[in-house]
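Fold and geometry: a report
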Amino acid sequence: SNANTGQGEAKQTYLRDLFRNWKEAACLDGKDRQLWVTEWGWDTLAGQIVTEWEQAAYMQRCILLALGNGVNKMFWYWYYDSDTPTPVNFFDGCGIFNRFREPKPIAAAYAALRTFLPADMQYVGYAYPAPNMMVQIYRIGERYIAAAFKIHKDGPDHTLKTQPRAEAVYDMFGGKVDGKKARKLDIAPTWYIGR
């Protein structure tokens, strides 16, 4: 759910439904058109503030959600946090880099996402294997990529006592995780790669 989707007196809705509605509207005349989303992001300094770690997690989750619901391209807003010493406006802290041009956690999370999901990926589907847990599934050739995460940060926790069968398991930054140990999911995707 995104508080910003209720603008212009429109009823607030789930982001996935908004993406689907946009895609349907774009193709009503029978032509298959691409759907691009521009100027989106989470602010770490002004407006509805999230932590830098949450910003990275939400970015990955939103792109996963978008690619599975008709969106072809997404353009993050913005490269750099505002140069203003005291941020006041939404987007002042949406940068992938801070105001000193140093990378924020989102930079590594975005690089990992593009490594896991190159342009030739195909969306397979999603699953809700436990309360407050979601898995988004993609395929590249014969290899499957699944991203599992906790949906609501204040909701129930879920621990995968035995990890799903996978050739490799990674955290949201692309750091390798021991796939044989139990893993407590959080809002940041855990990536499972395998055949």
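Predicted model only: the values in this text are computed from it and were never measured.

Brief notes about the environment of R99
Structurally, R99 can be placed in the loop between β2 (73-76) and α3 (105-116). Sequence spacing of R99 and K150 is 51 residues, and the spatial spacing of their C-alpha atoms is 31 Å. Beyond its immediate sequence surroundings of up to four residues, R99 is in contact with D81, S82, D83, T84 and P85. Polar contacts involving the side chain of R99 include one to the main-chain carbonyl oxygen of D83, which spans 3.1 Å.

Examining the nonpolar core
If you look at the biggest cluster of nonpolar residues, it comprises 39 residues, and the most contacted ones within it are F19, W40, M59, M74, L117 and W191. Elements supplying a minimum of two residues to this core: α1 (15-26), β1 (36-40), α2 (52-67), β2, α3, β4 (133-140), β5 (143-150) and β10 (190-194). Looking at this core element by element, the count peaks at 10 residues for α2. Grouped together as the second largest cluster of nonpolar side chains are 10 residues, M133, V135, L160 and L185 included.

Concerning the pattern of salt bridges
On inspection of all chains with the given rule, the structure shows 11 salt bridges. One salt bridge connects R143 with E167, and the closest N-O pair in it is separated by 2.9 Å. Taken together, the positions of R143 in strand β5 and E167 in the loop between β6 (159-160) and β7 (168-170) put the pair 24 residues apart, joining distant regions of the chain. Bridged by salt links that share partners, the residues R16, D17 and R20 form one connected network.

Brief notes about the packing of aromatic side chains
Here the structure, examined in full by the defined rule, presents 16 aromatic pairs. With 5.6 Å between their ring centres and 40 degrees between their planes, W42 and Y58 make a pair best called tilted. Residue W42 is found in the loop between β1 and α2, and its partner Y58 is found in helix α2; the two are separated by 16 residues along the sequence. Relative accessible area serves as the criterion here: at 21%, W42 is assigned to the partly exposed category. Between the NZ or CZ atom of R16 and the centre of the ring of Y14, over which it lies, the distance is 5.1 Å.

Section: the sheet that holds strand β3 (residues 122-127)
Spatially, β3-β4-β5-β10-β7-β8 is the arrangement adopted by the 6 strands of the open sheet, whose pairing is antiparallel. Each end of this open sheet is capped by a strand with a single partner; those strands are β3 and β8 (176-177). The pairing of β3 with β4 spans 5 bridges and is antiparallel. Along β4, the bridge assignment pairs Y123 with Y138. Along the sheet, α2 contacts β3, β4, β5 and β10; its crossing angle with β4, the most-contacted strand, is approximately 60 degrees. Those strands touched by α3 are β4, β5, β7 and β10, and its axis lies near 25 degrees from that of β10.

A few points about the environment of I140
Mapped onto the elements of the fold, I140 is located in strand β4. For the pair I140 and G155, spaced 15 residues apart in sequence, the C-alpha to C-alpha distance is 32 Å. Those residues within four positions of I140 in sequence are excluded, and the remaining contacts are F116, P118, D120, M121 and I145.

What counts as what
Residues numbered from 1 in each chain as written. Predicted model: local features only at pLDDT ≥ 70, side-chain atom pairs only at ≥ 80, totals over all residues. Heavy atoms only, no water. Helix = DSSP H or I, 4+ residues; strand = E, 2+ residues; numbered from the N terminus. Contact = heavy atoms within 4.5 Å. Polar contact = N/O pair within 3.5 Å; in protein donor to acceptor, adjacent residues only side chain to side chain. Core = buried A, V, L, I, M, F, W, Y, C linked by side-chain atoms within 4.5 Å. Buried < 20%, exposed > 50% of the residue type's maximum accessible area, 1.4 Å probe, protein only. Salt bridge = Lys/Arg side-chain N within 4 Å of Asp/Glu carboxyl O. Phe/Tyr/Trp six-rings, centres within 6.5 Å; stacked < 30°, edge-to-face > 60°. Lys NZ or Arg CZ within 6 Å of the ring centre and 35° of its normal. Pairing = 2+ DSSP bridges. Axes fitted to C-alpha atoms, helices over the stretch in contact; angles between N-to-C directions.

Such coordinate-based values are descriptive only and should not be taken to indicate function.
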